[in-house]
Structure formats: C-alpha cells, structure tokens
Amino acid sequence: KNPPPRDGKKIPVSMERLQEMEQREKLYLAKIEELTTRLSSFASKQLLDGNPNIADLSDPNRPTRLCEKFNCVYDNEWTEAFEELQETGEKDEAILKTLMEIIINAVSFCKDVKDQQLQQLMEGMHFCMVHVNWTNKDEDVRVDKKSTSHDPKCFASISRNARDFQKASAKASVPSLCVMFKETYIKGACKLEYRKLTNLEHYVDKVVELVWLMVVQDPPMSICWQKEGEQMDKKTYKYYEKRGEVVRLTVWPAVLLYENGPLVSKGFIWPK
C-alpha cells in the first residue's frame, strides 16, 4: 500500500479528476515520443547531410549501389553493344573509343543539365514564395513584388532544399535526358543511327541514367579516366587484355565516392 501523506490525511480524488490526470500523462508521453522521434530524425539528417562517408542504407540510389549497377553495365550492355558494333565492320579499337567517348560526353552533359536544372529549381521556389497567388471565387489575386519587401534570411536554405529535391526526384528526368543525349550526341556528333543499333541504344540509356544519378549525389560522385600516353595508375585501374605501363586508352572509367575521394570501383585500361 502507498504510504499516507505526512500530515496523516488522505486526499480524495474524483474519478473525473483521475481520468483527467491519466489523459494528461498520456499526452505528455506522446509529446516526449514525438520530440524524441523528431530529434532522432534531425540528428540522422545532420549526420548524413553532405557526408558521403556515411551511407544511408534506406536510399536505393546510394553511391555504392549506383556503382554496382554501373559495373553491371560493363558486364552486360557494354559487351552487347561492342559485339553489335563489331558486326558493322568497325575495328575493335575504334569501338572501344566510341563506347568510352559516350561515357565521357554523358558526364559532361549530365553535369551541365544538373547545374541548369538546379538553378531553375531555386528560381522557381523563390518565385512561388514571393509572388503569392490566391484564387478567390474565380478571381486571381496577386500582389506586386515592388509593393512588398522580403527578408533574405527566408531563402537561406533554398539551395539545400533544391538539391534535396533534385536528388530525390532525379529518376523523373531520365527519359528526357536519354532522348536529348541520343539526339544531340549519338546521332548528331557521332553520326550513329542508334535506332538501328538496339544494343547500343540500351547501352547509351543505361550510361546516361546512372551517370545522371551519380552526378546529383551530394557531393557528386566522380567518374575518372586516363588519357593516352599517361603512366597507368595501377591503384585505380585494372589491365584490359594485356599488361603495360603506358595508357593506350581507357576502356571503362574508375568511380570515386566524390572528387579526390576514396575509390569505389576500379576502371579498365588498355595499355600500349
């Protein structure tokens, strides 16, 4: 039994009062749980934010997973595209250069689109928050920007939010990116009728998709290759077909977690 109060008197509590106290206790516990969850989520986000060395295992497009998919392209789509181009009478060295040039140009293309898209997202967010539009009884109500003022601090996190949105929604851009790249580079610069080369088109689509998903990481993953005549970096690349010290051409690029960061997967070099 609970000990009586020090003054020896019991304090009567009505059933309504008891129920009220129990309800209040449940409310306090719910608030504590909510705050604990929010704090845990905030701490986790702060830890992962811009820190590629800590993997978010819930992210299907985390860097290590993307790299695995990228290497699968070399094992599958790259091989099929190589064999398809061989059937056209193209020499092996020319095919190797073509397939690697597709990656090099895809990296440049995706980086360029990423920067432009990010700028458009930030401008769109800023515009929507400043130019408030309200439809009231079928009438659009707007306020002239000149008649209002805005605290610049309101937009302190706009860049961060835009990057998060771009990364989270990156897959939505892939179909358009593939069409744009094939029409401008494959058909335009390479003069290849990709529609007649099914395996090559599949290869291009996978390269563009995965390069795009890698460059929108925060920070962006780095796709590296060596140039002809350079001393082969044996820590970053494997041999293709034979051994040698001097680079003839890069067959498949290496991937770093970020620029000058740790190596995620080695590439392949065809030495002289």
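Calculation rules
- Residues numbered from 1 in each chain as written.
- Predicted model: local features only at pLDDT ≥ 70, side-chain atom pairs only at ≥ 80, totals over all residues.
- Heavy atoms only, no water.
- UniProt positions renumbered as here; feature names shortened; annotations may be inferred.
- Salt bridge = Lys/Arg side-chain N within 4 Å of Asp/Glu carboxyl O.
- Helix = DSSP H or I, 4+ residues; strand = E, 2+ residues; numbered from the N terminus.
- Buried < 20%, exposed > 50% of the residue type's maximum accessible area, 1.4 Å probe, protein only.
- Pairing = 2+ DSSP bridges.
- Axes fitted to C-alpha atoms, helices over the stretch in contact; angles between N-to-C directions.

With an unreviewed UniProt entry as reference, the protein is termed Mitochondria-eating protein, source organism Magallana gigas. The record held by UniProt for the protein lists under Sequence similarities (unreviewed entry) the comment "Belongs to the MIEAP family."

Visitor: So what's going on with the pattern of salt bridges? Which residues, and what values?
Guide: The tally for this structure, following the rule as stated, stands at 13 salt bridges. The salt bridge partner of Glu183 is Arg195, with a shortest N-O separation of 3.1 Å. Note that Glu183 is positioned in helix α6 (residues 174-189) and Arg195 in the loop between α6 and α7 (198-215), a separation of twelve residues in sequence. Overall, the relative accessible area of 53% leaves Arg195 in the exposed class. Where Lys272 meets Glu228, a salt bridge forms, and the shortest distance between an N and an O atom there is 3.5 Å. One end of the pair, Lys272, is in the segment after β8 (267-271); the other, Glu228, is in the loop between β3 (222-224) and β4 (237-239), and 44 residues separate them in sequence. Residue classification places Glu228 among the exposed residues on the basis of a relative accessible area of 55%.

Visitor: Could you give an account of the sheet that holds strand β7 (residues 263-265), with specific residues and numbers?
Guide: Strands sit in the order β3-β6-β7 across an open sheet of three strands; the sheet is antiparallel. Of all strands in the sheet, those with a lone pairing partner are β3 and β7, marking the two edges. In this sheet, neighbouring strand axes are inclined to one another by 35° on average, regardless of whether the strands run parallel or antiparallel. As judged from the three bridges shared by β3 and strand β6 (residues 254-256), these two strands associate in the antiparallel manner. Looking at the pairing, Ser222 lines up with Leu256 of β6.

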